[in-house]
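Understanding the architecture of this molecule
Residue strings, one per chain:
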Amino acid sequence: MMSEPIDCLALVRAPRRLADDEAMLLADMEPGPALMRAAATRRDWAFGDRVTYSRKVFIPLTQLCRDACHYCTFAHPPRRGEAAYLTPDEVLAIARAGAAAGCQEALFTLGDKPELRYRVAREELDRLGHATTLDYLAAMADLVRRETGLLPHLNAGVMTADDIATLRVVSVSQGLMLETASDRLSQRGGAHFGSPDKRPSVRLATIAAAGEAAVPFTSGILIGIGETRRERIEALLALRALHERYGHLQEIIVQNFRAKPGTRMAAHPEPDAAEHLWSVAAARLIMSDDVAVQAPPNLGSGYLRGLLAAGVDDWGGVSPVTPDHVNPEKPWPHLDALARETAAVGKVLVPRLAVHRRFLADRARWIDKGLHTAVLRASDSEGFARAEAWTPGASLPLPAMPAIGPRVGSLSPILLRATRREELSEADIGALFGARGEAFSEVCAAADALRRETNGDTVSYIVTRNVNYTNICSYRCSFCAFSKGKTADHLRGRPYELEIPDVVARCREAWERGAVEVCLQGGIHPDYTGAFYLELCRAIKAELPDLHIHAFSPLETFQGAKTLDLTPSEFLPMLRDAGLGTLPGTAAEVLDPEVRAIICPDKVTVEQWLHVVESAHRAGLRTTATIMFGHVDTPRHWARHLLHLRRLQERTGGITEFVPLPFVAMESPINLRGQSRLGPTFRESVLMHAVSRIVFHGLIENIQTSWVKMGTEGAQVCLNAGANDVGGTLMNESITRAAGAAHGQEMTPAALELLIRGIGRTPRQRTTLYGTPRAERIAVSHAASPLPQPETDRAAANG
């Protein structure tokens, strides 16, 4: 054999796909270090440090098959006393066991069209009320999804275009192994002799039809069944050609033949590890960068690290419940062991869905509309599997997370630039948000070190009262469960509006309980003008001149100015002179037009929001800044948001703190319509605090965590990952409660200080601008008892 027909070093320096003629040269190469490194480099360039797997349950709907592959023990002829098909109850029992064990994929595997060969199959299908195996499969896939929430992946054999279209409605992905492009193996003496559905042209026609139907599809090759290396390459090139035409292949499986007793190929030699590694490397170098290369971990259990070194980026489905029915003699590795083997080569094991994330990102094209809600709710912000029950605002245990501690890893160059107070790129910030495993610990530890450098070990909080003076709003933000139309009587409350004397009374009540601030926000009432906001400030200041008014989001300010035919730059000094002290930087949601077009299309634009906040700073009014994240957005959008704020702060220096607000999905309209995720995961929520500390280092000193959304324990984790402030006592918080959050409406100073001391930090009461309140105000706040919840807030919170 030729030792080096391809310049592997050049492929390491500049990873690229091989041309067809170059690919054929791989047949003459051994799986030496140069080839392996070239394949691994291409994998790293495309997939980074992530190696995925799907937590699945294996449902063998029928093990009858009209084909007679010489190596197969999955399919068998009818057996006396044994049903031809699993019953619906049996299917559901398997699926429910999988769901209870945390699986998210239901993998249906079955023999090919057994009713065309066996009368017992036809008779049993008739009793089940179905004409064909594929009709029954469609019914069972739909049943499993509806009853258990598992996402079906269907390995249904050779199909027509109509079959594929029928199954597309009930599955998120489908699959068919090409196995080989060699017609020789379908001839007498070949492994596929007597198996009409294993002819390469027939299988390629099905794979092409799936591409025409825009079905995310899995295929692959089976090595060691009598094919040559050149024939393997031809099979991979045939698959690549179809993918380049349709873009539908999500993964290529490189499966090694295992000889099984009782089959015609029981004595056939198995491919050794070196041959398997060569085949994996060849697949990685041949296939497109957006196609995963998978090797079943139970079939390469002695050389998993070698498979990773050869370019594997996916382990496929691994089941904690069911065996590999195709290779029952080879048990699945334990996920902990698989994670350790993956980590040993510097990779992190990440759970994925049955449909790969690039298809989820373009789901209108690739996934049936009836399945959109299911995949959204099962996914995280990057399109991987949501592997936890925790959601913001819910009273649920925190998921297990890596211990936070100093590490030096692949993100160190980015973190070093941040410590030098350099602006990070959008890609840099996206990489920080993608941190998992040890990289997650690295990011959180770096953020915590910057927090300690900036703020020491003091954690601040403010005694404040939220007054939401109306929930009537002319805007229809799809995430908002708080605002109502004038006659709306749905979701969690009735419409209400407080008269100015009522607002002043609540402010007086707050002052008497030690508050130094009142936070005023409300819906954009169609009858309110800028004059209302001015009158409200004057009324409060007339009664309580020392109470700081923190009020009016950039949306309220923009709208108020517009009603008076003023610009925000003209209106803001009027608010300041009327007694306004600072503005909350809410209504930002995510500062990206792609996201705003979905969740708040009629709200202020990115440019308008930034203009109002900058105008406030120019008028001597400082603001906070927020992000409300975890719905339809992605880390790319978060990075843009943070960069907008960083550049604004560089211009004005007017932002006092940054407040991450995880999306509380429970009662949110966009979630009730099935059009959003279930909020950020806990990892994403913690990272938002950590990454913002890193991005804003040297510019925004304070990162606040919301105990209302994160819960007490979650807030403590964030305080160990870059946050230094726990916000306010609130007294009455309606907006998050209206969205379904279970955490309380008030946290007393004693309770907040207990939270802070629980992680070994020192609590400090603060003012809005981070000064220290007078001693008598602190004393009053500690002496006050919890405040009863007013009727209007009860209505908004509890419906």
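Please read all numbers here as calculations on a predicted model, not as lab measurements. (Residues numbered from 1 in each chain as written. Predicted model: local features only at pLDDT ≥ 70, side-chain atom pairs only at ≥ 80, totals over all residues. Heavy atoms only, no water.)

Our next topic: the overall build of the protein. The number of helices and strands found in the protein is 32 helices and 19 strands. Against the compact-globule benchmark of 28 Å for 799 residues, the protein has a radius of gyration of 30 Å, which places it among compact chains. Viewed in the frame of its principal axes, the protein has a C-alpha envelope of about 100 × 60 × 50 Å. Residue pairs in contact within the protein that sit at least 24 positions apart in sequence constitute 78% of those at least 6 positions apart. For the protein, the accessible area works out to roughly 29000 Å², and carbon and sulfur atoms hold 52% of it. Counting 89 positive and 93 negative side-chain charges, the protein places the centres of these two groups 1 Å from one another. (Helix = DSSP H or I, 4+ residues; strand = E, 2+ residues; numbered from the N terminus. Rg over C-alpha atoms; globule rule 2.2 N^0.38 Å. Contact = heavy atoms within 4.5 Å. Areas by Shrake-Rupley, 256 points an atom, 1.4 Å probe, with all protein chains shown as cover. Lys, Arg positive; Asp, Glu negative; His and termini not counted. Charge placed at Lys NZ, Arg CZ, Asp CG, Glu CD.)

Let us look at helix 7 (residues 161-168). For helix 7, every residue scored as buried is listed here: I164, L167 and R168. For helix 7, the angular spread of the buried residues around the axis is 105°, confining them to a single face. Buried residues belonging to helix 7 abut helix 6 (133-148), strand 3 (151-155), strand 4 (173-175), helix 8 (200-212) and helix 14 (363-366). (Buried < 20%, exposed > 50% of the residue type's maximum accessible area, 1.4 Å probe, protein only. Arc of directions from axis to C-beta.)

On to the sheet that holds strand 11 (residues 464-468), then. Pairing in this open sheet of seven strands is parallel, and the strands run 11-12-13-14-15-16-17 from one edge to the other. Only two strands of the sheet have a single partner each, and these edge strands are strand 11 and strand 17 (702-703). As paired elements, strand 12 (residues 517-521) and strand 13 (residues 548-551) share four bridges and run parallel to each other. Following the sheet pairing, C519 is matched in strand 13 by H550. With respect to the sheet, helix 19 (residues 500-512) is in contact with strand 11 and strand 12, its orientation differing from that of strand 11 by roughly 165°. (Pairing = 2+ DSSP bridges. Axes fitted to C-alpha atoms, helices over the stretch in contact; angles between N-to-C directions.)

In this model helix 20 (residues 530-543) runs 21 Å from its N-terminal to its C-terminal C-alpha over 14 residues, within 8% of the 20 Å that 1.5 Å per residue would give. Residues of helix 20 that are buried: G530, F532, Y533, L534, L536, C537 and I540. (Expected span 1.5 Å × (residues − 1).)

Orientation of helix 27 (residues 682-695) relative to helix 28 (residues 707-719), taken along the N-to-C sense of each, is 50°, at an axis distance of 10 Å. On the basis of their axis angle, the class for helix 27 and helix 28 is oblique. By crossing handedness, the relation of helix 27 to helix 28 is classed as right-handed. Residues F682, S685, V686 and H689 of helix 27 form the contact with helix 28, whose participating residues are M710, G714, V717 and C718. Per-class residue counts for the contact of helix 27 with helix 28 are five nonpolar, three polar and no charged. (Parallel < 35°, antiparallel > 145°, perpendicular 65-115°, else oblique. Left-handed = near helix turned anticlockwise from the far one by under 90°. Nonpolar A, V, L, I, M, F, W, Y, C, P; charged D, E, K, R; others polar.)

Attention now moves to unusual backbone geometry. For K113, which is not a glycine, the phi torsion comes out positive at approximately 45°. Tracing the chain through its elements places K113 in the loop between strand 2 (105-110) and helix 5 (119-128). Classification of K113 as buried rests on a relative accessible area of 18%.

What follows covers the sheet that holds strand 19 (residues 762-765). Read from one edge of the open sheet, three strands run 18-10-19, paired in parallel fashion. The sheet terminates laterally at strand 18 (725-728) and strand 19, the two strands that pair on one side only. Strand-to-strand twist of the sheet, defined as the mean angle between neighbouring strand axes without regard to direction, takes the value 20°. Where strand 10 (residues 458-462) lies against strand 18, two bridges are found, and the strand directions are parallel. When the bridges of strand 18 are listed, S460 appears paired with D725.

Turning next to the pairing of strand 3. Most of strand 3 sits inside the fold, with four of its five residues counted as buried. Both strand 2 and strand 3 contribute to a ladder of five bridges, which runs parallel. Each bridged residue has a counterpart across the sheet, and for A106 the counterpart in strand 3 is P152. Relative to strand 4, strand 3 runs parallel, the two sharing two bridges. By the bridge assignment for strand 4, L154 is matched with Q174. Taken together, strand 3, helix 7 and strand 4 form a β-α-β motif whose crossover is right-handed. (Right-handed = clockwise from strand over helix to strand, strands pointing away.)

Following the criterion strictly, the structure yields 58 salt bridges and no others. When the shortest N-O distance is used, the salt bridge between K347 and D44 registers 2.5 Å. Of this pair, K347 sits in the loop between helix 12 (335-343) and strand 9 (348-352) while D44 is found in helix 3 (residues 33-47), placing the two residues 303 residues apart along the sequence. Residue D44 is classed as partly exposed on the basis of its relative accessible area, which comes to 33%. Residues participating in the shared-partner salt-bridge network are R50, D380, E382, R436, R683 and E684. (Salt bridge = Lys/Arg side-chain N within 4 Å of Asp/Glu carboxyl O.)

A word on the packing of aromatic side chains. Applying the stated criterion across every chain yields a total of 11 aromatic pairs. Here the aromatic rings of Y469 and Y528 are separated by 6.3 Å at their centres, their planes lie at 40°, and the arrangement is tilted. Of this pair, Y469 sits in the loop between strand 11 and helix 19 while Y528 sits in the loop between strand 12 and helix 20; the two residues are 59 residues apart in sequence, bridging distant segments of the chain. Of the residues examined, Y469 reaches a relative accessible area of 0% and is grouped as buried. With relative accessibility at 11%, the residue Y528 sits in the buried group. (Phe/Tyr/Trp six-rings, centres within 6.5 Å; stacked < 30°, edge-to-face > 60°.)

This part takes up empty space enclosed by the protein. This model, assessed by the stated rule, comprises four cavities of 30 Å³ or more. Its boundaries defined by the atoms lining it, the second largest cavity holds a volume of some 60 Å³. Around the second largest cavity sit V463, R513, T729, M731, E746, T748, P749, S781, A784 and S785, which together line it. Residue composition of the lining of the second largest cavity, grouped by class: four nonpolar, four polar and two charged. (1 Å grid on protein atoms, 1.4 Å probe; cavity = no way out; pocket = protein on both sides within 12 Å on 5 of 7 lines; lining within 4 Å. Points joined across faces, edges and corners; volume = space filled by probe spheres on them.)

The next thing to look at is the environment of R622. Note that R622 resides in strand 15 (residues 622-629). For the pair formed by R622 and A343, sequence separation is 279 residues and the distance between their alpha carbons is 46 Å. If we skip the residues at most four places from it in the chain, R622 touches G581, T582, L583, H617, G653, G654, I655, T656 and L769. Side-chain polar atoms of R622 contact the backbone oxygen of G653, separated by 3.4 Å. (Polar contact = N/O pair within 3.5 Å; in protein donor to acceptor, adjacent residues only side chain to side chain.)

Moving on, we come to the state of the cysteines. Evaluated as defined, the whole model comprises zero disulfides. Here C444 is not disulfide-linked; the sulfur of C718 is the nearest cysteine sulfur, at 8.6 Å. Note on C444: relative accessible area 0%, which makes it buried. The thiol of C477 is not disulfide-bonded; the next cysteine sulfur, from C600, is found 5.2 Å away. (Disulfide = S-S within 2.5 Å.)

Looking at the element boundaries, R43 is found in helix 3. Of the polar contacts made by the side chain of R43, one reaches the side chain of D44; its length is 2.6 Å. Leave out the neighbours within four places in its chain, and R43 touches G48, R284, L308, G311, V312, D313 and K347.

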